[in-house]
Amino acid sequence: MQGILPYILRRLLWVPLILIAVSFIAFTVARFGPGDPISVAMGQFRDPEVLARVRHEKGLDKPVLDQYRIYVWNVLHGDLGESYRYGGRPVSEIIFPKMWVSAQLGLVALIITFGVGIPAGILAALRQGSWMDPAAISLLLFFRSVPVLITVPVMLLVFVLKLHWFPAAGWEGIFDKHIVIPALALSLPGIAGVARLMRATTLDVLKEDYVRTARAKGLPEFTVVSRHVARNALLPLVTIIGISLVTLLEGAFFAEVLMGIPGIGREAFDSVKSRDYDVILGLALVLAAAFIVANIVIDIAYTFIDPRVRYQRSGVT
Amino acid sequence: MNRLTGFVLAVVVVLVLAIGVISAVVIVRGGGGGGEGQQAQPTKAATAEGGGETGGKSTGELRLPGSDPITLDPALAADAASATYIVEIFGGLVTIDPKLNIVPDIARELPTRENGGIVDNPDGTVTYTFHLRDDVVFHNTSRLVTASDFKYSMERALNPRTASTVAEAYLGDIVGARDMVRGRADEVRGIEVVDDSTLKLTVDAPKPYFLAKLTYPTGFVVDRQQVEANPRNWSRKPNGTGPYKMREWSLGEQITLEANDRYHLGKPSVKTVTFLLSGGSVLTMYQNNEIDVAGVGVNDIESVQDPTSDLSAEYVTGDDFSISYIGFNTQTEPFNDPKVRQAFAHAIDREKIAEVVLKDMLPVAQGVMMSGLPGHNPQSKALSFDPELAQQLLKESKYGGPDGLPTVTITEVGGGANVGFDTQAMVEMWKENLGVEVEIEQTEAATFFEDLDSGRLQMFVTGWIMDYPDPEDILDIHFYSQSRLNNTRYSNPELDALLEQARTEQDVNRRLSLYQQAEQIVIEEAVWVPLYNGRDHALVKPYVKDFEFPPMVIPHLRYVTIEQ
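Residues numbered from 1 in each chain as written. Chains lettered and ligands numbered in written order. Predicted model: local features only at pLDDT ≥ 70, side-chain atom pairs only at ≥ 80, totals over all residues.

## Concerning the overall build of chain B
For step 1, the next point in the chain: Each helix and strand in chain B was counted, giving 17 helices and 18 strands.
For step 2, the next point in the chain: By residue count, 46% of the 564 residues in chain B fall in the buried class.
For step 3, the next point in the chain: Long-range pairs, those at least 24 residues apart, make up 67% of the contacts in chain B with a sequence separation of at least 6. (Helix = DSSP H or I, 4+ residues; strand = E, 2+ residues; numbered from the N terminus. Buried ≥ 20, exposed ≤ 12 C-beta atoms within 10 Å, placed from the backbone. Contact = placed C-beta atoms within 7 Å.)

Laid out in structure tokens, this is it:
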């Protein structure tokens, strides 16, 4: 464990630099681009004189660098700003609850994706040569190819209108039946990728000496697979799982719109459309920070999973 | 068999199974009802299946689709979504009834010249005197509304610190209002509190549309104690004076309104109204009995109107005060030449587009003013479809014909992937009937409006929704040469004179006739090419009665009843 703490600290030093870069770019692009949150919120009665007056009142006519300075100062004091679209509500009040909803939905979808994908991949690898291998992968690829924009309406037709098993829209939390259709729709496309990767790594691992040794020792096949094969085959997936966890925070636009889920995907889209500057920036900052932290966590996770991985001054051994 | 054959066979088997299972479930269950734009057609054998897809029973509360308001502060509301809730939660001196008459709300009666409520002062200003009711109480309190509450609310709206984008438009006619909004005064001279139940408003000229403007949220009364105690967040659970009060607002999920038992104009019948804000397929929710009213879009209109469908009995329409139109920038080539504009107007067949492309969902507009609006002229006719005349006009223009024209671009709001079908049809018609290839440009909304306001667009498609039922709100605002909302930059002294006169003309008939003349000029000069008026298409559950689709945002929920 020697090099781990300094390693983490060194990685963390990058965080403020990256956050400043991300926020500065987002800030300036938003303000120099066409459109303006006041103008959007004004609706159809867009009197240029009134617009100028209100912009001045809100500090939007100051030089961009000044505005940025004020913004950074506020963020450092925990104030992410206010939303124009939601009548002055604090940005944190808007993005965090929606991220939480998207995260819950995404987590369930992720569990299904990996819960089905990993065994499917291992099975395909073990049955390589028989019909089960290509059949499994082909079925999963079928679902990979059908976009959410199609799977959701089809599921609505079958499971809601015809069978009346589930409600058509809304969100009632992670343990409620409202989550079933969107979670299924979101999880299906990803299973193929996970399965194929799992299959590939499993095939590699099956060729390793220690597997032959385990089998030669007379261990039952199930033990061979679960203790020796799976653990090693999972290693490359750690990266994917890690990044996938961050994408939970991005939400899923189509599923949210089609099924009336108050998630962050839709919020991000709407806030860009409405030029809700502070919400857009808040999102950019949170996502950037999450990505950096996730990467660090993945690197640390590797040291636990694969004893061969160690971190030292010069990087990974 | 070898590996390749096995592989192919496996794929085929799997695909067939998957598709087969899905289709089997759908078909075996039978047809009936619409869906979200899918191919399945209702079969003639459709019978109501367990529970039924339509009908169903009421939950006693009214469930409507809705979107999050931008704000519930009447001083700030500039959009229809916010206004929808505000008009139910708050009230003002006057309001509009579903027949579009201006009627008293918190004022006892409408001030008129006959009852002495409107007085013309020697300096040209006009003073309105309002006597307030003595039984109007703010929600969740026992405070009675007084005249000072109105003075407070209106001055608050005009206070530059409040940063309202609409205050000047709706209250700016009051003497001293413009000074306050520009920070030159601390109060509005024209708002005078005579005593607790008497309020006087002095307006800068005899403007007949002033009372109509007061029906818009900006003039509504707010609870001063609540606002001052919680300036940031008071509007999340505001104390209004309207027929409904706010019970709950979960952002992005729902807004629940509860009937105000003490409402001075009569307690509403429906106790609870819930607006579902998160979206989703509204039609599917309606068929699944999760919602009581649903809008119907162009993709579903045919299956809903189909007489064999259960839904057709629940289908209703309502015309609204909106218009979509083609506007020309009259200051740039080639549309600074009226003959070119007229040529373009005569070259499109709007009736055909409405029939074929829009499936007759929208009425063709024959003028600028909408049917039902005071001043609407039923004889008004927009420039007719006449390709020969169009070509003739183009030849007579300073360009001599289609080949002399510079590149013409029509701009509209859109996502870029798909041009509005009606725009496509019009572009086809200009090509066929005029020989002009019009380029299409699509930009998203915020960029579109910026380009429009800065004069960068040549020809554009957009719309307008009336805010109050008076022709001033469309003809004056858009065509008066000095109006800041004149997006065609049109300047015509003869038109200006008509509009100026109409602003203060007291005789109703003469005034409306002036607006009709103004409208004629706009049509003949092809400043706008009126396209279609708005019409709502919706499904309403049979147990919901008197759910009107008023032509503009006005309080209407208190007239609804639910049959149990």
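## Quick word on the packing of helix H6 (residues 132-145) of chain A against helix H8 (residues 180-206) of chain A
Residue and element names in this part refer to chain A.
For step 1, the next point in the chain: As a packed pair, H6 and H8 sit with axes 7 Å apart at the nearest point and diverge in direction by 140 degrees. If you check the angle between H6 and H8, you find them oblique. Here H6 and H8 pass one another in a crossing that is left-handed. Residues Ile137, Leu140, Leu141, Phe143 and Arg144 of H6 lie in contact with H8, whose contacting residues are Leu188, Pro189, Ile191, Ala192, Ala195 and Arg196.
For step 2, the next point in the chain: Taken together, the residues that form the contact of H6 with H8 break down as nine nonpolar, no polar and two charged. (Axes fitted to C-alpha atoms, helices over the stretch in contact; angles between N-to-C directions. Parallel < 35°, antiparallel > 145°, perpendicular 65-115°, else oblique. Left-handed = near helix turned anticlockwise from the far one by under 90°. Nonpolar A, V, L, I, M, F, W, Y, C, P; charged D, E, K, R; others polar.)

## Let's talk about the interface of chain B and chain A
For step 1, the next point in the chain: Contact with chain B, which involves 56 residues of that partner, is made by 53 residues of chain A.
For step 2, the next point in the chain: The set of elements that each furnish at least two residues to the side of chain B that touches chain A consists of helix H1 (3-28), helix H4 (167-171), helix H8 (282-287), helix H14 (445-453) and strand S15 (459-465) of chain B.
For step 3, the next point in the chain: In terms of residue count, H1(B) provides more of the side of chain B that touches chain A than any other element does, 10 residues in total.
For step 4, the next point in the chain: A per-class count over the side of chain B that touches chain A returns 25 nonpolar, 17 polar and 14 charged.

## Observations concerning the domain arrangement of chain A
All names here are of chain A.
For step 1, the next point in the chain: Here the domain parsing of chain A yields domain 1 (1-84 + 276-317) and domain 2 (99-265).
For step 2, the next point in the chain: Of note, the centres of domain 1 and domain 2, computed from C-alpha atoms alone, are 31 Å apart.
For step 3, the next point in the chain: Listed as interface residues are 10 residues of domain 1 and, on the opposing side, nine residues of domain 2. (Domains from an automatic or database assignment.)

## Side note on the environment of A:Thr213
All names here are of chain A.
For step 1, the next point in the chain: Inspection of the secondary structure assignment puts threonine 213 in helix H9 (residues 209-216).
For step 2, the next point in the chain: We classify threonine 213 as exposed; it has 12 C-beta atoms within 10 Å.
For step 3, the next point in the chain: C-alpha of threonine 213 to C-alpha of valine 224: the two residues are 11 residues apart in sequence and 9.7 Å apart in space.

## Points about the sheet that holds S15(B)
All names here are of chain B.
For step 1, the next point in the chain: What the six strands build is an open sheet, ordered S11-S16-S12-S15-S13-S14; its pairing is mixed. Because the sheet does not close on itself, it has two edges, and the strands there are strand S11 (293-295) and strand S14 (438-443). Averaged over all pairs of adjacent strands, the angle between strand axes in this sheet comes to 30 degrees, irrespective of strand direction.
For step 2, the next point in the chain: By the bridge criterion, 11 bridges tie strand S12 (residues 315-328) to strand S16 (residues 528-540) in an arrangement that is antiparallel. By the bridge assignment, glycine 318 is partnered in S16 with aspartate 536.
For step 3, the next point in the chain: Packed onto the sheet, helix H13 (residues 421-434) meets strand S13 (408-413), S14 and S15 and runs at close to 160 degrees relative to S14. (Pairing = 2+ DSSP bridges.)

## Topic: the nonpolar core
For step 1, the next point in the chain: With 220 residues, the main nonpolar core has A:Ala195, B:Leu158, B:Ala294 and B:Ala518 as its most contacted residues.
For step 2, the next point in the chain: Sorting elements by how many residues they give to this core places helix H5 (residues 91-126) of chain A first, with 15 residues.
For step 3, the next point in the chain: Three or more residues apiece are contributed to this core by two domains, here domain 1 (1-84 + 276-317) and domain 2 (99-265) of chain A.
For step 4, the next point in the chain: Contact partners of B:Leu158, with chain neighbours within four places excluded, come to B:Ala167, B:Leu171, B:Ala177, B:Met180, B:Val181 and B:Val188. (Core = buried A, V, L, I, M, F, W, Y, C linked by C-beta atoms within 7 Å.)

## Topic: the pairing of S12(B)
For step 1, the next point in the chain: Taken together, the seven bridges between S12(B) and S15(B) define a ladder with antiparallel strand orientation. Among the inter-strand pairings, B:Ser322 is bridged to a residue of S15(B), identified as B:Ile465.

## Here we look at the confidence of the model for chain A
For step 1, the next point in the chain: Looking at chain A, the pLDDT average stands at 85 and 96% of residues meet or exceed 70.
For step 2, the next point in the chain: Confidence, read as mean pLDDT per element, is least for strand S2 (residues 315-316) of chain A in chain A (53) and greatest for helix H4 (residues 64-76) of chain A (92). (pLDDT = per-residue confidence, 0-100.)

## Focus on helix H17 (residues 508-524) of chain B
All names here are of chain B.
For step 1, the next point in the chain: Spanning 17 residues, H17 covers 24 Å between terminal C-alpha atoms, matching the ideal 24 Å at 1.5 Å per step.
For step 2, the next point in the chain: Restricting attention to buried positions, one finds in H17 the residues Arg511, Leu512, Leu514, Tyr515, Gln516, Ala518, Glu519, Val522 and Ile523.
For step 3, the next point in the chain: On the buried face of H17, the contacting elements are helix H15 (475-479), helix H16 (493-504) and S16.
For step 4, the next point in the chain: Following H17 by one or two positions, alanine 526 adopts a phi angle in the positive range, close to 50 degrees. (Expected span 1.5 Å × (residues − 1).)

## Considerations on the sheet that holds strand S5 (residues 126-131) of chain B
Residue and element names in this part refer to chain B.
For step 1, the next point in the chain: If you walk across this open sheet you meet the four strands as S4-S5-S7-S6, and the pairing is antiparallel. Both edges of this open sheet fall to strand S4 (118-120) and strand S6 (191-195), since each of them pairs with a single strand only. Sheet twist, expressed as the average angle between the axes of neighbouring strands with direction ignored, equals 20 degrees.
For step 2, the next point in the chain: Bridge analysis of S6 against strand S7 (residues 198-203) gives four bridges, and the strand direction is antiparallel. Looking at the pairing, glutamate 192 lines up with lysine 200 of S7.

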